[in-house]
Each structure stands twice: as C-alpha cells, then as structure tokens.
Amino acid sequence: RFRNVTGVQTCALPILITYAVTCAAIGAMSFGHDYQFRTLAAAMALPVERREMWRRKMKAATVAMLPVAVVCLVVTLVEPISRGMGEAVDFLRALSFMGVFIIAPILSGLFLAPWLTLLSRNVLFGAIFSLAIPYLMLICAPLILGPRSEEHTSELQSRFGISYAV
C-alpha cells in the first residue's frame, strides 16, 4: 500500500521528477542547441524578425511540453483516483498540487529555462537552475512570509519537503 502525500500516491514521485526534468530540458534546448552547435550567429543573420524566431521556438517547446503535461496529470491524479488507490482529494489540495507540480515546470521550461540558457550560454546551466529556482522559492516562502499557524507550518514543511526532494 502506498502512502498518500499531497493527494498523490508516492509512486508518482519519480514520474513528477522526470516530468520536471523533461520540461526544463525542452525549454533549455529551445535556444540551447544554437549555442551548442554554434548556429546562433547564422540564425540571427537570417532575414527574419527576432520576435518571430522567438515565437516559433516557444511554440515548438509548448507543443512538446503539453502532451507530456497531460500524460503526467493523468498518471498522477486521474489514474490512481479512478482505481480507488488514493484517498479522497479535496479540490484545493488538488489545485495546489497542479500549481506546484504540473504548471510550475511548464512555466519554468517555457520562460525561465530559455532565459537562463541565453544568459549563461550553457544548456545544462539553464536546465538545472530552471529546476532549482522555483523550488528554492517554495522552500524559502514560509521563511520570508512567516507561517500562519503551527498546523499550517507542518503542512508547508511536509509539502516543501517533497519539493526539496525534487
């Protein structure tokens, strides 16, 4: 029997980690391959607006990330609940789960990873730090904002403990 953490079976944790790494890698490679293969200068010399190049690369990254996100959502939320493996999950907990583990990697992969890759000119740096920065912010949020109660603090610590593991 699996232990339920934030409304999701712990057997889904490797899937969530793989999903976050995949989103970061897709986002970092949207511009990173130009640095890796030294084709950025040739791409910038083309008679195409830079905004249009950015849009095309972001569309391709979005098209690559969305099916992965749908599969991850189905595997982690819908499939265990439909089989009766999980406890009843309340709506707010499911929304917070989706925000932290489903939407955050997409946003990080679409906006943070390309920016960090362009900033550092290194694909690996962009991918790793686009994973680390959002989860470090989640861990530090209770320290900056201050906890509301002891019960809230323990819930945050358990939730952020999982984020820290990611």
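Everything below is about the structure shown above.
Okay, so let's go over this structure. Everything numeric here is computed off the predicted structure, so don't read it as measured data. (Residues numbered from 1 in each chain as written. Predicted model: local features only at pLDDT ≥ 70, side-chain atom pairs only at ≥ 80, totals over all residues. Heavy atoms only, no water.)

Inspection of the entire model under this criterion finds three salt bridges. One salt bridge connects Lys57 with Asp34, and the closest N-O pair in it is separated by 2.9 Å. Linking Lys57 in helix H3 (residues 50-82) with Asp34 in helix H1 (residues 13-36), this pair joins segments that are 23 residues apart in sequence. Side by side, Lys57 and Asp34 carry an identical accessibility label, which is buried. Across the salt bridge formed by Glu52 and Arg55, the nearest N and O atoms sit 2.9 Å from each other. (Salt bridge = Lys/Arg side-chain N within 4 Å of Asp/Glu carboxyl O. Helix = DSSP H or I, 4+ residues; strand = E, 2+ residues; numbered from the N terminus. Buried < 20%, exposed > 50% of the residue type's maximum accessible area, 1.4 Å probe, protein only.)

Moving on, we get to the nonpolar core. Counting residues in hydrophobic clusters, the biggest one holds 13 residues, and the most contacted among them are Tyr19 and Ile106. Counting only elements with at least two residues in this core, the list comes to H1, H3 and helix H4 (91-120). Looking at this core element by element, the count peaks at five residues for H4. With sequence-adjacent residues up to four places away left out, Tyr19 is seen in contact with Val68, Ala69, Cys72, Phe101, Ile102, Pro105 and Ile106. Listed in part, the five residues of the second largest apolar core include Ala28, Ala113, Val123 and Ala127. (Core = buried A, V, L, I, M, F, W, Y, C linked by side-chain atoms within 4.5 Å. Contact = heavy atoms within 4.5 Å.)

Positionally, Val100 belongs in helix H4. Residue classification places Val100 among the buried residues on the basis of a relative accessible area of 14%. Each C-alpha atom of the pair Val100 and Tyr135 lies 8.7 Å from the other, and the pair is 35 residues apart in sequence.

Turning to the side chain of Asp34, a few remarks are in order. Under the relative-accessibility criterion, Asp34 is labelled buried at 5%. The residues contacting Asp34, other than those within four sequence positions of it, are Thr39, Leu40 and Lys57.

Bear in mind that shape data such as this cannot, by itself, settle questions of function.
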